[in-house]
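# Architecture and fold: a report
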Amino acid sequence: MIPKSSRFVIVGAGIHGLSTAYHLAQRLEQSGRGSGADIIILDKSGICAGATGIACGVIRNNYYQPAMRELMAHSVKVWESDPETYSYHPVGYMQISCEAMREDVASIHEQQQAIGYESVFIDGAAASAAYMKTLFPDWRAQGITSVLHEKSGGYANNSRAMYGLAAKVEALGVRIITGISVTAMVRDGAGAIVAVDTDQSQISCDYVVVAAGPWVPKFWDMLELPSAVSIKNPDTGVVSKDIPMWVYWSLQEGTLGVDPKLQVTEDGAMPPVIHVDTDAPLHSDEDGRLITDDMWGIYYKPDFHFGGVQGGAAPFIIDKPVDEVAVDPYGPASPEFVVGPEFADMWVSALAHCQARFSGMTPHFKREPSGGIGAFTPDSFPVFDEVCENCFVIADSNHGYKMIGVGDLVAEKICGGLPELLKPFRLSRYEEGALHPVSNSPFPWS
């Protein structure tokens, strides 16, 4: 039965919705101000049915932006708090880069040391090649002049982690209601939300959290928030107007159907997650033709959950107005936004460019639907903000899965706290010119 009311309504049963519910239930109980029974989660499909359900699961701190680094350090601690339930594999993470990124990556390392996040920085082409060959004797990536080896982080198995978190949520009394769609927000005369309309009934509430992943633009409109923003250049003071609030990007990921143990290190251990960005020309492993001579990047890891070596490459912008992009059906079920044969050629060739063991492996690429889309903000970084007195929007700009700790901070905010880690992600940063620095990475989220 759908309740007629709930103090707290959370929209979305992905990583952010579940994490917020879990931490909010804990805080309510600890403070004597309520319990998990005061919270419901509504999802039109099911647990981790959206972007969380197809996530690669990489967990890293490798960000050029100080605010992102600090936020991720917080999230890594949450992953580490219950690795078994979260199906978390703390194998570490490696950012392997060309000269155009060397200074950026050196800066990341310095600032990681400042916040106590353990990492090792290898500087120079010869030193980088030697370091990588201690792990993988067949290492042969070209144009590499630095390596940042994060000793924390790694990856988590997406659906296993979320069903584990959902069990923790329900154990605290939170109800997860699936197969129900939120259709409208009902406001009072002062603009506060007093209820949510669904396709089944109306539910009155005291507070709403929107954690809808790729569907966030729909709820943004529902909340009557701006479809375009003004952005102030912090260096020149020039204001650019009418910048679209949302743009969809198509995510490019897939799996090489081989024994995951193909990618163990020289000593037989499971390796760190590998991320390579280089401007060396990339040639097809099948016929030698030039694929690109622009900067390119890939990431990959052996993963028994995916049944092979899994990873991806940089996404691309979907050149359509937001309201014309078909978010549903989502992910592998989409007839439009799944990876094609050109991705397989590029990604497997890039694997072979990096390690000889992957040469000749293109036939092993799993020719099954994969990929999805993400709703990105104007600067490709999250917006985490209370958009009216009793509604918080978690718009992760596709950084989502690794940010399990955001729910803890949102719960703190709801309970009256002022989490400093969320402040750099307010919507007002665009108009104020309080922007995050931009790196030289080919990825929009680094």
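Cut-offs and rules
- Residues numbered from 1 in each chain as written.
- Predicted model: local features only at pLDDT ≥ 70, side-chain atom pairs only at ≥ 80, totals over all residues.
- Heavy atoms only, no water.
- Helix = DSSP H or I, 4+ residues; strand = E, 2+ residues; numbered from the N terminus.
- Polar contact = N/O pair within 3.5 Å; in protein donor to acceptor, adjacent residues only side chain to side chain.
- Contact = heavy atoms within 4.5 Å.
- Pairing = 2+ DSSP bridges.
- Axes fitted to C-alpha atoms, helices over the stretch in contact; angles between N-to-C directions.
- Parallel < 35°, antiparallel > 145°, perpendicular 65-115°, else oblique.
- Phe/Tyr/Trp six-rings, centres within 6.5 Å; stacked < 30°, edge-to-face > 60°.
- Buried < 20%, exposed > 50% of the residue type's maximum accessible area, 1.4 Å probe, protein only.

Okay, the side chain of H149 next. As for its position among the elements, H149 is in strand β7 (residues 144-150). Polar contacts involving the side chain of H149 include one to the side chain of Y131, which spans 2.7 Å. Not counting chain neighbours up to four residues away, the residues in contact with H149 comprise Y93, M94, E118, S119, V120, Y131 and P272.

Let us now look at the sheet that holds strand β5 (residues 93-98). Taken in spatial order, the 8 strands line up as β6-β7-β5-β16-β19-β20-β15-β21 in an open sheet, and their pairing is mixed. Only two strands of the sheet have a single neighbouring strand rather than two, namely β6 (119-123) and β21 (372-376). Strand-to-strand twist across the sheet, computed as the mean angle between neighbouring axes with direction ignored, equals 20°. Pairing of strand β19 (residues 296-303) with strand β20 (residues 308-317) involves 6 bridges; the strand directions are antiparallel. From the neighbouring strand, D303 faces β20, where its bridge partner is G308.

The next subject is the pairing of strand β12 (residues 202-210). Pairing between strand β1 (residues 5-11) and β12: 6 bridges, direction parallel. Bridge pairing in β12 places S6 opposite C205. Taken together, the 3 bridges between strand β11 (residues 193-198) and β12 define a ladder with antiparallel strand orientation. Considered in β12, the bridge of D197 is made with Q202. Following β11, the chain reverses through 3 residues before pairing antiparallel with β12. Alignment of β12 against strand β23 (residues 391-395), held across 3 bridges, turns out to be parallel. Bridge pairing links V210 to V393 in β23.

Viewed as axis vectors pointing N to C, helix α3 (residues 66-81) and helix α9 (residues 406-414) meet at an angle of 100°, and their least axial separation amounts to 9 Å. When the axes of α3 and α9 are compared, the pair comes out roughly perpendicular. Seen from α3, the contacting residues are L71, H74 and S75; seen from α9, they are V406, D408 and L409.

Attention now moves to the packing of aromatic side chains. Per the stated rule, a full pass over the model turns up 12 aromatic pairs. Consider the rings of W215 and Y330, whose centres lie 5.2 Å apart with planes at 50°: the pair is tilted. Of this pair, W215 sits in the loop between β12 and α7 (216-222) while Y330 sits in the loop between β20 and α8 (341-354), and the two are 115 residues apart along the sequence. Judged by its relative accessible area of 15%, W215 is buried. Centre to centre, the rings of W249 and F376 are 5.2 Å apart; their planes meet at 40°, and the pair counts as tilted. With W249 in strand β15 (residues 247-256) and F376 in strand β21, the pair connects residues that are 127 residues apart, well separated along the chain.

These values are about where atoms sit, not about what they do.
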